[in-house]
Amino acid sequence: MARTTMGLAAMLAPLVGYCAQALAADVSTKNLPKIDKPGHWRKMGHDDATTTSKCVGNPVTPLCAVETVRACFVRVEDLLCGIAMGLDGPAGMVSRKKSVGITLRYRITGARILRDRDIPPNKRDGKWSWKAGDVQIDMKATKCYDGRCQKEIRQATSTTYDVRKYGNRWVVIEWDTPRW
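Residues numbered from 1 in each chain as written. Predicted model: local features only at pLDDT ≥ 70, side-chain atom pairs only at ≥ 80, totals over all residues. Heavy atoms only, no water.

Another aspect to go through is helix α2 (residues 62-75). With 14 residues, α2 should reach 20 Å at 1.5 Å per residue; the first-to-last C-alpha distance of 20 Å fits that figure. By the criterion of burial, α2 is predominantly enclosed, with 13 of the 14 residues buried. The first or second residue beyond α2 is Val-76, which carries a positive phi of 55 degrees. (Helix = DSSP H or I, 4+ residues; strand = E, 2+ residues; numbered from the N terminus. Expected span 1.5 Å × (residues − 1). Buried < 20%, exposed > 50% of the residue type's maximum accessible area, 1.4 Å probe, protein only.)

See the structure below:
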(Lines give C-alpha, C1' and ligand atoms only; values in the text may rest on other atoms or scores of the structure.)
Protein backbone atom coordinates (compact mmCIF):
# COMPACT_ATOMS: atom_id res chain seq x y z
CA MET A 1 0.00 0.00 0.00
CA ALA A 2 2.83 2.40 0.83
CA ARG A 3 4.35 1.82 -2.61
CA THR A 4 1.06 2.67 -4.34
CA THR A 5 0.70 5.90 -2.34
CA MET A 6 4.31 6.87 -3.08
CA GLY A 7 3.83 6.09 -6.77
CA LEU A 8 0.64 8.15 -6.92
CA ALA A 9 2.31 11.05 -5.12
CA ALA A 10 5.22 10.93 -7.57
CA MET A 11 2.80 11.03 -10.51
CA LEU A 12 0.74 13.90 -9.08
CA ALA A 13 3.66 16.09 -7.96
CA PRO A 14 4.30 17.66 -11.39
CA LEU A 15 0.58 18.29 -11.86
CA VAL A 16 0.28 19.96 -8.46
CA GLY A 17 3.33 22.10 -9.23
CA TYR A 18 1.88 23.12 -12.59
CA CYS A 19 -1.47 24.05 -11.03
CA ALA A 20 0.23 26.08 -8.30
CA GLN A 21 2.18 28.03 -10.94
CA ALA A 22 -0.98 28.63 -12.96
CA LEU A 23 -2.83 29.91 -9.88
CA ALA A 24 0.08 32.19 -8.94
CA ALA A 25 0.13 33.61 -12.48
CA ASP A 26 -3.62 34.16 -12.38
CA VAL A 27 -3.37 36.02 -9.06
CA SER A 28 -0.65 38.27 -10.48
CA THR A 29 -2.33 39.04 -13.79
CA LYS A 30 -5.64 40.05 -12.21
CA ASN A 31 -4.01 43.37 -11.32
CA LEU A 32 -3.12 44.19 -14.92
CA PRO A 33 -5.38 46.76 -16.58
CA LYS A 34 -7.13 45.87 -19.79
CA ILE A 35 -5.64 47.34 -22.94
CA ASP A 36 -7.90 50.02 -24.41
CA LYS A 37 -9.35 49.32 -27.83
CA PRO A 38 -8.23 51.59 -30.67
CA GLY A 39 -10.22 54.81 -30.57
CA HIS A 40 -11.12 54.46 -26.87
CA TRP A 41 -9.72 57.34 -24.77
CA ARG A 42 -10.06 57.94 -21.06
CA LYS A 43 -10.23 61.40 -19.52
CA MET A 44 -8.38 62.95 -16.57
CA GLY A 45 -9.97 66.21 -15.47
CA HIS A 46 -9.50 68.75 -12.69
CA ASP A 47 -11.70 66.76 -10.28
CA ASP A 48 -13.25 63.32 -9.86
CA ALA A 49 -16.44 64.38 -11.68
CA THR A 50 -14.46 65.11 -14.88
CA THR A 51 -12.29 61.99 -14.66
CA THR A 52 -12.89 58.50 -16.04
CA SER A 53 -10.94 56.83 -13.21
CA LYS A 54 -12.77 56.22 -9.95
CA CYS A 55 -9.65 55.45 -7.89
CA VAL A 56 -7.49 58.59 -8.05
CA GLY A 57 -5.83 58.94 -4.64
CA ASN A 58 -6.42 55.27 -3.77
CA PRO A 59 -3.65 53.18 -5.42
CA VAL A 60 -5.16 49.74 -4.84
CA THR A 61 -4.16 48.56 -8.33
CA PRO A 62 -1.21 49.42 -10.58
CA LEU A 63 -3.47 51.49 -12.85
CA CYS A 64 -4.89 53.41 -9.87
CA ALA A 65 -1.32 54.36 -8.87
CA VAL A 66 -0.53 55.54 -12.41
CA GLU A 67 -3.79 57.49 -12.65
CA THR A 68 -3.05 59.09 -9.29
CA VAL A 69 0.35 60.35 -10.45
CA ARG A 70 -1.18 61.67 -13.69
CA ALA A 71 -3.91 63.43 -11.68
CA CYS A 72 -1.19 65.07 -9.58
CA PHE A 73 0.09 66.93 -12.62
CA VAL A 74 -3.28 67.62 -14.29
CA ARG A 75 -4.87 68.86 -11.05
CA VAL A 76 -1.65 70.40 -9.68
CA GLU A 77 -2.16 68.56 -6.38
CA ASP A 78 1.26 67.55 -5.07
CA LEU A 79 -0.24 65.33 -2.37
CA LEU A 80 -1.50 63.01 -5.14
CA CYS A 81 2.09 62.58 -6.37
CA GLY A 82 3.10 61.71 -2.81
CA ILE A 83 0.32 59.12 -2.55
CA ALA A 84 1.21 57.57 -5.92
CA MET A 85 4.90 57.42 -5.01
CA GLY A 86 4.34 55.89 -1.57
CA LEU A 87 5.29 58.98 0.44
CA ASP A 88 3.67 60.21 3.65
CA GLY A 89 3.04 63.67 2.22
CA PRO A 90 3.47 65.86 -0.85
CA ALA A 91 6.25 64.87 -3.24
CA GLY A 92 7.45 68.40 -4.02
CA MET A 93 6.97 67.82 -7.75
CA VAL A 94 4.40 70.47 -8.69
CA SER A 95 4.36 74.10 -7.71
CA ARG A 96 2.46 76.01 -10.39
CA LYS A 97 -1.03 77.42 -9.92
CA LYS A 98 -4.09 75.36 -10.78
CA SER A 99 -5.48 75.60 -14.27
CA VAL A 100 -9.05 74.33 -14.33
CA GLY A 101 -9.21 74.19 -18.15
CA ILE A 102 -6.52 71.48 -18.55
CA THR A 103 -7.59 67.88 -19.10
CA LEU A 104 -5.76 64.81 -20.31
CA ARG A 105 -6.91 62.22 -22.84
CA TYR A 106 -5.16 58.88 -22.34
CA ARG A 107 -5.35 55.24 -23.21
CA ILE A 108 -3.67 52.08 -21.94
CA THR A 109 -1.59 50.53 -24.74
CA GLY A 110 0.30 47.82 -22.84
CA ALA A 111 0.63 46.12 -19.45
CA ARG A 112 2.94 43.38 -18.25
CA ILE A 113 4.38 41.77 -15.17
CA LEU A 114 8.18 41.83 -15.16
CA ARG A 115 9.95 38.50 -14.93
CA ASP A 116 13.57 38.25 -13.87
CA ARG A 117 14.65 37.59 -17.46
CA ASP A 118 12.91 40.84 -18.60
CA ILE A 119 15.09 43.09 -16.44
CA PRO A 120 18.08 44.64 -18.25
CA PRO A 121 21.44 44.81 -16.42
CA ASN A 122 21.26 48.60 -16.00
CA LYS A 123 17.95 48.26 -14.09
CA ARG A 124 19.09 45.59 -11.62
CA ASP A 125 21.09 47.62 -9.09
CA GLY A 126 20.27 50.80 -7.27
CA LYS A 127 17.56 52.36 -5.16
CA TRP A 128 14.88 52.16 -7.85
CA SER A 129 15.97 48.95 -9.55
CA TRP A 130 13.30 46.85 -11.21
CA LYS A 131 12.23 43.59 -9.58
CA ALA A 132 10.46 40.51 -10.81
CA GLY A 133 6.77 41.02 -10.05
CA ASP A 134 6.81 44.76 -10.80
CA VAL A 135 4.16 45.89 -13.25
CA GLN A 136 4.79 48.07 -16.29
CA ILE A 137 1.94 50.05 -17.83
CA ASP A 138 2.25 51.76 -21.20
CA MET A 139 0.07 54.80 -21.75
CA LYS A 140 -0.46 57.25 -24.61
CA ALA A 141 -1.65 60.69 -23.55
CA THR A 142 -2.21 64.20 -24.81
CA LYS A 143 -3.14 67.40 -22.94
CA CYS A 144 -6.25 69.29 -23.84
CA TYR A 145 -6.98 72.94 -23.04
CA ASP A 146 -10.60 74.01 -22.71
CA GLY A 147 -11.62 70.92 -24.70
CA ARG A 148 -9.06 71.34 -27.52
CA CYS A 149 -6.26 68.77 -27.53
CA GLN A 150 -2.65 69.94 -27.78
CA LYS A 151 -1.70 67.29 -30.33
CA GLU A 152 -3.84 65.18 -32.52
CA ILE A 153 -4.69 62.07 -30.58
CA ARG A 154 -2.81 59.90 -33.09
CA GLN A 155 0.35 61.82 -32.12
CA ALA A 156 -0.12 61.31 -28.37
CA THR A 157 3.01 60.89 -26.23
CA SER A 158 3.87 57.39 -24.95
CA THR A 159 4.99 56.83 -21.36
CA THR A 160 5.89 53.62 -19.51
CA TYR A 161 5.22 53.49 -15.76
CA ASP A 162 6.95 51.03 -13.42
CA VAL A 163 4.73 50.12 -10.47
CA ARG A 164 5.46 47.97 -7.41
CA LYS A 165 3.25 46.58 -4.66
CA TYR A 166 4.02 47.70 -1.10
CA GLY A 167 1.68 46.21 1.48
CA ASN A 168 -1.88 46.82 0.33
CA ARG A 169 -1.13 49.58 -2.17
CA TRP A 170 0.75 50.06 -5.43
CA VAL A 171 3.50 52.65 -5.86
CA VAL A 172 4.84 54.27 -9.04
CA ILE A 173 8.61 53.86 -8.74
CA GLU A 174 9.61 55.31 -12.10
CA TRP A 175 8.26 56.51 -15.43
CA ASP A 176 9.87 57.08 -18.77
CA THR A 177 8.72 59.17 -21.73
CA PRO A 178 11.13 58.70 -24.61
CA ARG A 179 12.00 61.95 -26.38
CA TRP A 180 11.57 60.54 -29.88
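Our focus in this paragraph is the packing of aromatic side chains. Considering all chains together, one arrives at two aromatic pairs under this definition. Ring centres of Phe-73 and Trp-175 lie 6.1 Å apart, and the angle between their planes is 75 degrees; this geometry places the pair in the edge-to-face category. Note that Phe-73 is positioned in helix α2 and Trp-175 in strand β6 (residues 169-176), a separation of 102 residues in sequence. Here Trp-175 falls in the partly exposed class, since its relative accessible area comes to 29%. Taking 6.3 Å as the distance between ring centres and 40 degrees as the angle between the ring planes, the aromatic pair formed by Tyr-161 and Trp-175 counts as tilted. Separated by 14 residues along the polypeptide, Tyr-161 in strand β5 (residues 157-166) and Trp-175 in strand β6 bring together distant segments of the chain. For Tyr-161, a relative accessible area of 2% gives the class buried. Three or more aromatic residues link up through ring pairs in this structure, and these residues are Phe-73, Tyr-161 and Trp-175. (Phe/Tyr/Trp six-rings, centres within 6.5 Å; stacked < 30°, edge-to-face > 60°.)

Moving on to the nonpolar core. Ranked by size, the top nonpolar core spans 25 residues in total, and within it Met-44, Val-66, Tyr-161, Val-163 and Val-172 carry the most contacts. Contributing elements (two or more residues each) for this core: α2, α3 (78-84), β2 (102-113), β3 (135-145), β5 and β6. Of the residues forming this core, the biggest block, seven residues, is contributed by α2. Those residues in contact with Val-163 that lie beyond four places of it in its chain are Pro-62, Ala-65, Val-66, Asp-134, Val-135, Trp-170, Val-171, Val-172 and Ile-173. (Core = buried A, V, L, I, M, F, W, Y, C linked by side-chain atoms within 4.5 Å. Contact = heavy atoms within 4.5 Å.)

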